[in-house]
Amino acid sequence: MRTKGQFGFALRTASLTFLLLTGVWAVVSTSGKTCAAEVETKRAEKAFFDRVALVFEQHCSACHGSTKPKSRLDLTSFAAILNGAASGPVIDPGRSKTSLLIKLIQSDGKPHMPPKGQLSDAEIAILTSWIDSLPKSLSASDERPITEQDRQHWSFRPLATVTPPSVKRIDWPRTALDPFILAKLEAAGLTPALPAEKIELLRRVTFNLTGLPPSPEEVQAFLMDQSELAYEKVVDRLLASPRYGEHWSRHWLDLARYADSDGFEYDNDRPFAFRYRDYVIRSFNADKSYDQFIREQLAGDELAPHDADSLIATGFCRHGPTVENQKDEKTRLDEIDDIVSTTSSVFLGLTIGCARCHDHKFDPIRQQDYYRLLAVFNSREKRDVPVSTPAEKATFFNEMAIWEVETERLQGELKATADNSKQDLERKLQELKQRQPQQPLAMAIQDSGRTPRKTFFLFRGNDLTPGAEVGPAVPAVLTRVPPDFTTLGGRQNSTGRRSVLANWIASPSNPLTARVWVNRIWQFHFGNGLVATSSNFGLNGVAPTHPELLDWLAQQFIALDWKLKPLHRLIVLSATYRQSTRFNPESFRVDAGNSLWWRFPVRRLSAEELRDSILATSGALNSQMFGTGFRPRVDPNFVAASSTARWPVVEKEGPDLWRRSVYIHMKRSVLLPLLEAFDAPTAQQSCERRLTTTVATQALMLLNDPFTNEQSALMSQRIWQNAGPDRKAQVVELYELGLSRKPTEQELQRGIAFLKQQFEFHHQTPDRDPEISRQLALTDFCHVLINLNEFVFLN
């Protein structure tokens, strides 16, 4: 049993910590100086809580201060008091009159506490005042009720059954989504833009589905195909391309805050993170159903514990930034907060993470809802698990056998040696240990066991002020029939809670999941979502421009077995998608933001699309897929600015560094400057939508970066090989490669004039071979093309 001194110290410490965190003590005034009156207030408050602790010490410690307290009522800490006794809560924070503790110490009969003796009126007054001073939000039962009005927010309601509306221009729609767009345009007195020209449309859909420009051969084939199905055949070819998964995985990796390093000060590398990236690419290429995609990432280890992809998928819950060598409770809770916040924003479009410290300021999400969701993940532990294929296992065992033989040989020689060569053998043995073969591993999560870790309500989100214990649940406003967390499935050594959550999120009856995902798909195709705030479908988010279309798309998506490629076809084959980008002043006056989709929006290439397009145009693009990320050249001075960042020095890039940008080693402290300049995210948190900025450094990067200069030289070699020394042929070839079209007559003449001008400039160098001067002039022309708006923008 604790001594009285230990008892009092524990309670006083908890109480004082709680008091400090609730802001009762304000020691520093607004001027930044300590006021005498504030110091006096602090002393008075401390004296008050000392008296509370003293009452418990003198009258309660014998029965409720031991390791096995009577009635399971532990009064040695603030958290324990809030947990109550076997019969239930003993205090009702903020309400002394309804608190069982006060009723028992005031009772004249039985039960009465303490069993022998009676607290004085002054002591009862101290405990009464203490309970009344506690915030009511500490009570687990003191939750704001969810009202019917709360459930009527548009995104919380079940999907509506809708059909395409009637329209006047029955000749315009191409797919069933078009009437939804056209009906709103007609109601506003607007007309859709003319259809895009064939090259414009081909370039748009090729970039949109694969992130790469169409090749001259693909352009020519499409122009020659005059059949009605020509465009559909292009779409099917692009969706079947492995380049599709590489491009669309990048959208998901932004949402999943994927990176190959921890972030923060030390930013240590994560050597196995790339397996998650490869898993996402494979999933998109295989058109894995989205509901399965969700389940694997939240609970793959529970649902299919022997499947490598299912284990790798749980890396979704580990990709947030963290400091691996910090093992304190606050860091652990911060990591789970990242999982809760990312899961809710990515899959549900809600900012549930905002309820960690208080009830959500806008949405009917209570702080208790947050901690019930946290309870789902609270038992998770980070594990690096083996994910070998049969071939990889065979290779590993063969390498391990060779390593063991060599180790045994050196150890034998070491035992038999007594001369000076012993030191050399020890060094060799140490080097051999460092080269020990390793099985392929993946970042994953698994629960610590079948018994869940206890989860407590944390006042103001602080682990030092725990409240009542809470169990797993989903936000009450999102369901009238909550999922049952008491009947758990999954593997034997796991709680199964994540499986229940994953199945609830992936259910067709969930009002948010399908809405959120189809809205993201629309955004990735058109630049803006039907809901502009694609990760905030709450009350503070933007309402949908076309709510009926959003629900109809969600219903179609579910009916298509949650498959993404059929949804792509539905969108890109529509008349809405096939509109040109041509500006209409009349439409602009009515709808300046193009929220009614009266034209297709102009779009700048993403950072990765731009880099990959340069490589594709130069002919240097390395199509190797999967595997560990590569580290392209970064100016050493940029890396040296950090005391902890590490990056290899690359003097000159080669084909191994000219792979697609999705395979770049994503180190949070060393972002590739070219990608960073064109608004690639930092992966510090989930990125729902990239910003599109226009700043001077972007033009300077394209002009001066060694990558663009070297690729321009490679581009010129490709042009020279295909077109020879003829300047006219060179201009035509470059336009077809870089812009997917032939130059106009004016562009042709200006291009030829530029090549002549640059030849004269470079040939001023004495004794330079004329062919070298022509090659340098062509390199300059290729460099100009990379800097054209038409190369950087889809228009």
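Residues numbered from 1 in each chain as written. Predicted model: local features only at pLDDT ≥ 70, side-chain atom pairs only at ≥ 80, totals over all residues. Heavy atoms only, no water.

(A) Layout of empty space enclosed by the protein. Counted under the stated rule, the structure contains eight cavities of 30 Å³ or more. Counted as a void, the largest cavity has a volume near 170 Å³. Considering the residues around the largest cavity, the lining is formed by 17 residues, among which Glu608, Ile664, Met666, Leu671 and Leu675 are closest to the centre. For the lining of the largest cavity, the residue count by class is 10 nonpolar, two polar and five charged. (1 Å grid on protein atoms, 1.4 Å probe; cavity = no way out; pocket = protein on both sides within 12 Å on 5 of 7 lines; lining within 4 Å. Points joined across faces, edges and corners; volume = space filled by probe spheres on them. Nonpolar A, V, L, I, M, F, W, Y, C, P; charged D, E, K, R; others polar.)

(B) Highlighting the side chain of Thr479. As for its position among the elements, Thr479 is in the loop between β4 (466–470) and α18 (497–505). Given the relative accessible area of 14%, Thr479 is considered buried. If we ignore the near neighbours within four places in the chain, the residues touching Thr479 are Arg151, Val474 and Trp504. (Helix = DSSP H or I, 4+ residues; strand = E, 2+ residues; numbered from the N terminus. Buried < 20%, exposed > 50% of the residue type's maximum accessible area, 1.4 Å probe, protein only. Contact = heavy atoms within 4.5 Å.)

(C) Inspection of the pattern of salt bridges at higher detail. Scanning all chains against the criterion turns up 54 salt bridges. Among the ionic pairs, Arg582 bridges to Glu197, the shortest N-O distance being 3.2 Å. Separated by 385 residues along the polypeptide, Arg582 in the loop between α21 (564–572) and α22 (585–590) and Glu197 in the loop between α6 (178–187) and α7 (198–210) bring together distant segments of the chain. Judged by its relative accessible area of 41%, Arg582 falls in the partly exposed class. For the salt bridge of Arg660 with Glu246, the shortest nitrogen-to-oxygen distance reads 3.3 Å. Here Glu246 lies in helix α10 (residues 242–255) and Arg660 lies in the loop between α24 (636–640) and α25 (673–677), a separation of 414 residues in the sequence. (Salt bridge = Lys/Arg side-chain N within 4 Å of Asp/Glu carboxyl O.)

(D) Examining the side chain of Ser535 more closely. As for its position among the elements, Ser535 is in the loop between α19 (513–526) and α20 (547–559). For Ser535, a relative accessible area of 6% translates into the label buried. Excluding its chain neighbours within four sequence positions, the residues that come into contact with Ser535 are Ser345, Gly349, Leu350, Thr351, Arg520 and Glu688.

(E) A look at the pairing of β4. The buried fraction of β4 is high, at four of five residues. As defined by bridge partners, strand β3 (residues 455–458) adjoins β4 across three bridges and the pair is classed as antiparallel. Its bridge partner being in β4, Phe456 is matched across the sheet by Glu469. (Pairing = 2+ DSSP bridges.)

(F) Quick peek at the confidence of the model for the protein chain. Mean pLDDT over the protein chain stands at 88; residues scoring 70 or higher make up 92%. For the stretch residues 1–34, pLDDT sits under 50, and the model shows 72 contacts to residues farther than four places along the chain or on other chains. (pLDDT = per-residue confidence, 0-100.)

(G) Highlighting unusual backbone geometry. A positive phi angle, near 55 degrees, is found at Ser71, a position not held by glycine. The topology assignment puts Ser71 in the loop between α2 (36–64) and α3 (78–83). For Ser71, a relative accessible area of 52% translates into the label exposed. Even without being a glycine, Asn594 presents a positive backbone phi close to 55 degrees. Relative to the helices and strands, Asn594 is located in the loop between α22 and β5 (603–604).

(H) How the structure looks around the packing of helix α29 (residues 745–762) against helix α30 (residues 770–786). Two elements in contact, α29 and α30, have axes separated by 8 Å at closest approach and are oriented at 130 degrees. Relative to α30, α29 is oriented oblique. Between α29 and α30 lies a crossing whose hand is right-handed. Of α30, the residues touching α29 (which contributes Gly751, Phe754, Leu755, Gln758, Phe759 and His762) are Pro770, Ser773, Arg774, Leu776, Ala777, Leu778, Asp780, Phe781 and Val784. Of the residues contributing to the contact of α29 with α30, the split by class is nine nonpolar, four polar and two charged. (Axes fitted to C-alpha atoms, helices over the stretch in contact; angles between N-to-C directions. Parallel < 35°, antiparallel > 145°, perpendicular 65-115°, else oblique. Left-handed = near helix turned anticlockwise from the far one by under 90°.)

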